[in-house]
Amino acid sequence: MAVLKDINTVDALIDMVFSYNPESDANLLRRAYAFSNEAHYRQKRKDGEPFIEHPLAVAAILCEMRMDTNTIAAGLLHDTIEDTDTTVEDIKELFGDDIAFLVESLTKLSRMEFRTSEDAQAENFRKMLLAMAEDMRVVLIKFADRLHNMRTLEHLSADKREKISRETLEIYAPLANRLGIGWLKSEFEDLSFKFLLPEMYEQLVQKVAKKKEEQEGYLSEVIQIVEAHIKADSIPARVFGRVKHYHGIFQKMQKQRIPFEQVFDVIAIRIITDTPSNCYGILGLIHSLWTPVPGRFKDFIGAPKSNLYQSLHTTIIGPRGERVEFQIRTEEMNRIAEEGIAAHWKYKERDYSEKLDEKYFTWLRELVKAQKDTPDAKAFLEEVKGNISQQGVVYVFTPEGDIVELPLDATPVDFAYSIHTAVGHQCIGAKVNGKIVPLRHKMQNGDTVEIITSQGHGPSRDWLKFVTTQRAKSRIKQWLKIEERKKGLTLGEELLAKALRRYNLSPALAKSKDILEAARAYKIQTHEDLLVAIGYGRVSVHKIVRKLLPEPEKDETEKLPAKKEVQKPEEGKGIKIKGVDNIMFHRSKCCYPLPGEKVAGFVTRGRGISIHTSDCPTLDTQTIDVDRLVEVEWAGGGDTTYAVKIQVLTIDKRGLLAEMSAVLSTNNVNISHLEASTTHEKQALFNFMLDIKDKRQLDEVIKKLSQINGIIDVKRVKT
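Draft legend 1. The arrangement of the packing of helix 3 (residues 53–64) against helix 9 (residues 136–151) in detail. One can describe the packing of helix 3 onto helix 9 by two numbers: an axis separation of 9 Å at closest approach and a directional angle of 120 degrees. By the criterion of interaxial angle, the relationship of helix 3 to helix 9 is oblique. When the axes of helix 3 and helix 9 are compared, the crossing they make is right-handed. For the pair helix 3 and helix 9, contact is made by Glu53, His54, Ala57, Val58, Ile61 and Leu62 and by Leu140, Ile141, Ala144, Asp145, Leu147, His148, Asn149 and Arg151, respectively. Residue composition of the contact of helix 3 with helix 9, by class: 8 nonpolar, 3 polar and 3 charged.

Structure representation (C-alpha cells):
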C-alpha cells in the first residue's frame, strides 16, 4: 500500500476520504487543515519545504488506512501542541474533546525516543502502550507520523538516521506486525534496512530486479497452468506474482547463512479466492500438479496467527525443477493480512467503534496487566519486544482444548508462564500428550500440555537456560531478584546485630536516623537498603558501626593496619573508574569492549572490577546485584590495541583470505589468531582475533570486508 503522490492539497485529501466514506465532515477537515497551516506557517522541514506538508502527508496515510474523520483531523493537528503555541484547550474548544484527546496523547508520545537513559526510553514506551490500549487510533496516527518521517529520513544527519531507523526496526515494525498491518510492517522494515545498511540494501534491490526479470517468463508459465486448472474446476480466483520485501530476504540470508542466489522464494505466487473451502481445494489442485516440498506447508487458516493472519502456504517443485512458493487466501483474509486492526474499523460519524476484534484487545489487556506486574520499565520493554518480535510459532492445547501460541522451541515452563505467573512459579513437572516429560522438553504443534504444580514451589535459575519466551524469562528473573534481596536483607540484619553487640551498642541503633547518617556516603536512603547493602557485601558493616561510636573509641578503632594498595594491571590503561583509585580491573572477554563504546564496571570477588559494554547480557539487571555496578569511562588509550573477535562467512573460493588480509593490513590491523573451516554448503567460515584500537576502526574494517566480492556476512562475535 502506498500513499498517492498527488495528495498535496486539502481538496485532494477530502476526495480521498469521500472515496470510502461519503458521509465524512469535509468542513471539519478544512478547518483542521487551515488551523494547522496557520500554526506552522513559519516552520520549515529539513528539506526546506513548508511544515504543513508533513501533517498533510500523515493525514493521507491515515486515509489509505481508511480511518474515520476525527482520526484524520487529529493527523492534521498532531504536531500543533508540541511545536507551536497551541494548547490542549484551544484544540478542545475548536474541534471537540475526542480530537483533543488524540492530539494530546500524541504529544506525550512524541517524546518516545532512544535516550542516554534506557530506563527513560522504556518508561515512555510503557506510556505509549497504555495510550494504545485506551484508544487504538493513537498508535495508528503515530504509525502514520513515523512512516512519513522514515520516507523523508535522508534529510537528517547520519546519527539521527541510524537512531530513528533502529527504533523503527526494533519497535514500530514488530508492533505493526503484531497488529496485523502487513504492508506497514514491510515498509517500516525496508526503510530501516535502507538507512541502516545502505550498500547491502542497494545490492538487494538490484539483485531482486534482475531475478524478477529473469523469472518473469517462468512465473507467467506457472500462473497460466494454475489458472487453467482453477478455471476448469469453476473456482473463482485471482492469481498473481508478488516479490518478497527486501528486509525479509536479508533476514533469510542472515538466518540460514546463504547468499542471495540460494533464496528460492524471492518471488511467490498469491492466489485470492472467495471461501476457505476453495482455498483448500486450490491447495489440493496445486499438490496434484507438482510435488510439494516436505516441511514447507503451513496452514494458518485452521490455526491463525495471533495477529489474525490467515493463509495457506506451500512450496512445490515446479516445471524444470524450480521451487515455487504459493500463498492461498480469501479476499477477506487478504484484507486482514494487509490492513490488520485497521480493517476492523466502522466508518460512521459520531459513532466511532471501539469494538475491534477481541483477540487484539485480549493481547493488549495482557500487556497492560504485564506492565503492572513488572515494575521495572526496562524489563517490561524487553518483555514486550520479545512478545511482538517472535518469528516462528507452535500451537499447543490446554487440557480443556484452548489453543496457546508460543515461539518455536518453547518448553512446558514457557507454557506455564503463558497461563499465569503463579502457575509458572509453582511448576514442578509437565505432561505432554499424557506422558511425563522433562521441563526442558521442546513442544511440537498440536501437543496437549498439562502442568503439574506444587504450592510454595519457586522457579530455578537453571530454567533461564532453556525457556524461550520473554515473559517466562522476566518473571523468573524478577522472582530470583526478589528472593536474593530477601536473603541479603536477612543476612544484613544478622551481620549488623552482631557488629552492634561486638561494639557494645544498643540494638535500637539498627533502625535509627544516626545509622542512616553514617551510611550517607554510600547514597543509601532507607534502613532496608542499608541492610541489603551489608548483606550483599557492598558496604562494610564495621565501617558503618564505627561511625556510631563515641569519639575516643572511634579513634582507637581507627588504629587499624592500612590495606595494601592493589596496582592496576597494564591492560587497564585507558579506563577511568568514577570515584575509585588504586583498584585492579580487567576487560571482560564476554563482550571485548572497545574505546568508543559505552562501558560499565562490575565489582567481582577477588578480581577487582570487570569492564563490560553497557549492553552486555552479563550485566542483565534482572539477575545481577545492581549495587555492584560502578560508573566507568574510556580515558583515551593512545596507541593501545584491544583483542576483538570477528566472524566472516564467505563463498568457498580461492584468494578470499588473501583479499581479507590485504584489507586488514591496509587498515593497520594485526591478526593475532585465525581459525578457518568449510561447510557442506560450499561456504567458508573464518574466525579472526584482531588487534583493534577503537570501535571506529572496527566498524571501518567490517565495512571494508563486507564489500569484498564473495563475502556473505561479517559480524563481531561476543562470547
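Draft legend 2. Structural context of the environment of Asp79. Mapping Asp79 onto the fold places it in the loop between helix 4 (69–77) and helix 5 (80–83). Put simply, Asp79 and Ile52 are 27 residues apart on the chain and 9.9 Å apart in space, counted from C-alpha to C-alpha. A distance of 3.1 Å separates polar atoms of two side chains, one belonging to Asp79 and the other to His78.

Draft legend 3. The arrangement of empty space enclosed by the protein in detail. A complete count under the given rule lists 2 cavities of 30 Å³ or more for this structure. Considered as a void within the structure, the second largest cavity measures approximately 40 Å³ in volume. Taken together, Gln215, Tyr218, Leu219, Phe264, Ile267, Glu322, Arg323 and Val324 make up the lining of the second largest cavity. Elements supplying a minimum of two residues to the lining of the second largest cavity: helix 12 (198–232) and strand 6 (323–330). A per-element tally of the lining of the second largest cavity places helix 12 first, with 3 residues. Its residues placed into classes, the lining of the second largest cavity shows 5 nonpolar, 1 polar and 2 charged.

Draft legend 4. Region of the structure containing the pattern of salt bridges. Throughout the structure, instances matching the rule amount to 18 salt bridges. Measuring nitrogen to oxygen at the nearest pair gives 2.7 Å for the salt bridge that ties Arg151 to Glu187. In this pair, Arg151 is assigned in helix 9 and Glu187 in helix 11 (residues 182–196), connecting sequence segments 36 residues apart. Between Arg166 and Glu162 there is a salt bridge, and its shortest N-O distance comes to 3.6 Å. Note that Arg166 and Glu162 are positioned in helix 10 (residues 158–178) at a spacing of 4 residues, about one turn of the helix. Among the residues examined, Arg166 registers a relative accessible area of 36% and is labelled partly exposed. One salt-bridge network, in which partners are shared between bridges, spans Asp68, Asp98 and Arg137.

Draft legend 5. Broad picture of helix 6 (residues 88–95). Taken together, the buried positions of helix 6 are occupied by Val88, Ile91 and Phe95. The buried residues of helix 6 occupy an angular sector of 70 degrees when the element is viewed end-on, so they sit on one face. Looking at helix 6, the residues exposed on the side facing more than 90 degrees away from the buried face are Glu89 and Glu93. One or two steps after helix 6, the chain reaches Gly96, where phi turns positive at roughly 95 degrees.

Draft legend 6. Structural context of the packing of aromatic side chains. If you walk through the whole model with that rule in mind, you get 10 aromatic pairs. Look at Phe193 and Tyr201: their rings are 5.6 Å apart centre to centre, the planes differ by 85 degrees, and that puts the pair in the edge-to-face class. Classification of Phe193 as buried rests on a relative accessible area of 2%. Of the aromatic side chains, those joined through ring pairs into one cluster are Phe193, Tyr201, Tyr246 and Phe250. Above the face of the Phe260 ring, Lys211 is positioned so that its terminal group lies 5.4 Å from the ring centre.

Draft legend 7. Main features of the packing of helix 25 (residues 656–666) against helix 26 (residues 695–706). Close contact between helix 25 and helix 26 brings their axes to 10 Å; oriented N to C, the two are set at 150 degrees. For the element pair helix 25 / helix 26, the angle class is roughly antiparallel. Crossing of helix 25 against helix 26: the hand is right-handed. Judged by residue contacts, Met660, Val663 and Leu664 of helix 25 engage Val701, Lys704 and Leu705 from helix 26. Residue composition of the contact of helix 25 with helix 26, grouped by class: 5 nonpolar, no polar and 1 charged.

Draft legend 8. Local environment of the pairing of strand 17 (residues 642–651). With respect to burial, strand 17 is a largely interior element, 7 of its 10 residues being buried. Relative to strand 19 (residues 683–692), strand 17 runs antiparallel, the two sharing 10 bridges. Considered in strand 19, the bridge of Val644 is made with Leu690. In terms of strand pairing, strand 17 meets strand 20 (residues 711–717) through 6 bridges, oriented antiparallel. Residue Lys645 lies in a different strand from strand 20, and its bridge partner there is Val717.

Draft legend 9. Seen up close, the sheet that holds strand 11 (residues 449–453). Taking strand neighbours across the sheet as the criterion, the 3 strands line up as 10-9-11 in an open arrangement whose pairing is antiparallel. The two strands at the open ends of the sheet, each matched to only one other strand, are strand 10 (435–437) and strand 11. Taking each pair of neighbouring strands and ignoring which way they run, the sheet shows an average axis angle of 35 degrees. Judged from the 5 bridges that link them, strand 9 (residues 427–432) and strand 11 form a sheet pairing that is antiparallel. Its bridge partner being in strand 11, Gly429 is matched across the sheet by Ile452. Along the sheet face, helix 18 (residues 412–419) touches strand 9, strand 10 and strand 11 and points at about 80 degrees away from the line of strand 11.

Draft legend 10. How the structure looks around a negative patch on the surface. Where like charges cluster on the molecular surface, the negative patch consists of Asp47, Glu49, Glu53 and Glu154. Examined against the element boundaries, Glu53 turns out to sit in helix 3. We classify Glu53 as partly exposed; its relative accessible area is 40%.

Draft legend 11. How the structure looks around the pairing of strand 19. Counting buried positions over the 10 residues of strand 19 gives 10, a clear majority of the element. Because side chains alternate across strand 19, one face comprises the buried residues Gln683, Leu685, Asn687, Met689 and Asp691, and the other comprises Ala684, Phe686, Phe688, Leu690 and Ile692, equally buried. Examined bridge by bridge, strand 18 (residues 670–678) and strand 19 share 8 bridges and lie antiparallel to one another. Across the sheet, residue Ile671 finds its bridge partner in strand 19, namely Leu690.

Draft legend 12. The nonpolar core, seen in detail. Ranked by internal contacts, the top residues of the largest apolar core, which has 60 residues, are Met65, Ile72, Ile99, Leu140, Phe143 and Leu184. The dominant element in this core, judged by the number of residues it contributes, is helix 9, at 9 residues. With 35 residues, the next largest nonpolar core counts Phe250, Ile258, Ile316 and Ile328 among its residues.

Procedures and definitions
Residues numbered from 1 in each chain as written. Predicted model: local features only at pLDDT ≥ 70, side-chain atom pairs only at ≥ 80, totals over all residues. Heavy atoms only, no water. Axes fitted to C-alpha atoms, helices over the stretch in contact; angles between N-to-C directions. Helix = DSSP H or I, 4+ residues; strand = E, 2+ residues; numbered from the N terminus. Parallel < 35°, antiparallel > 145°, perpendicular 65-115°, else oblique. Left-handed = near helix turned anticlockwise from the far one by under 90°. Contact = heavy atoms within 4.5 Å. Nonpolar A, V, L, I, M, F, W, Y, C, P; charged D, E, K, R; others polar. Polar contact = N/O pair within 3.5 Å; in protein donor to acceptor, adjacent residues only side chain to side chain. 1 Å grid on protein atoms, 1.4 Å probe; cavity = no way out; pocket = protein on both sides within 12 Å on 5 of 7 lines; lining within 4 Å. Points joined across faces, edges and corners; volume = space filled by probe spheres on them. Salt bridge = Lys/Arg side-chain N within 4 Å of Asp/Glu carboxyl O. Buried < 20%, exposed > 50% of the residue type's maximum accessible area, 1.4 Å probe, protein only. Arc of directions from axis to C-beta. Phe/Tyr/Trp six-rings, centres within 6.5 Å; stacked < 30°, edge-to-face > 60°. Lys NZ or Arg CZ within 6 Å of the ring centre and 35° of its normal. Pairing = 2+ DSSP bridges. Patch = residues over 30% accessible without salt bridge, like charges linked within 9 Å, V, L, I, M, F, W, Y side chains within 5 Å. Areas by Shrake-Rupley, 256 points an atom, 1.4 Å probe, with all protein chains shown as cover. Lys, Arg positive; Asp, Glu negative; His and termini not counted. Charge placed at Lys NZ, Arg CZ, Asp CG, Glu CD. Core = buried A, V, L, I, M, F, W, Y, C linked by side-chain atoms within 4.5 Å.

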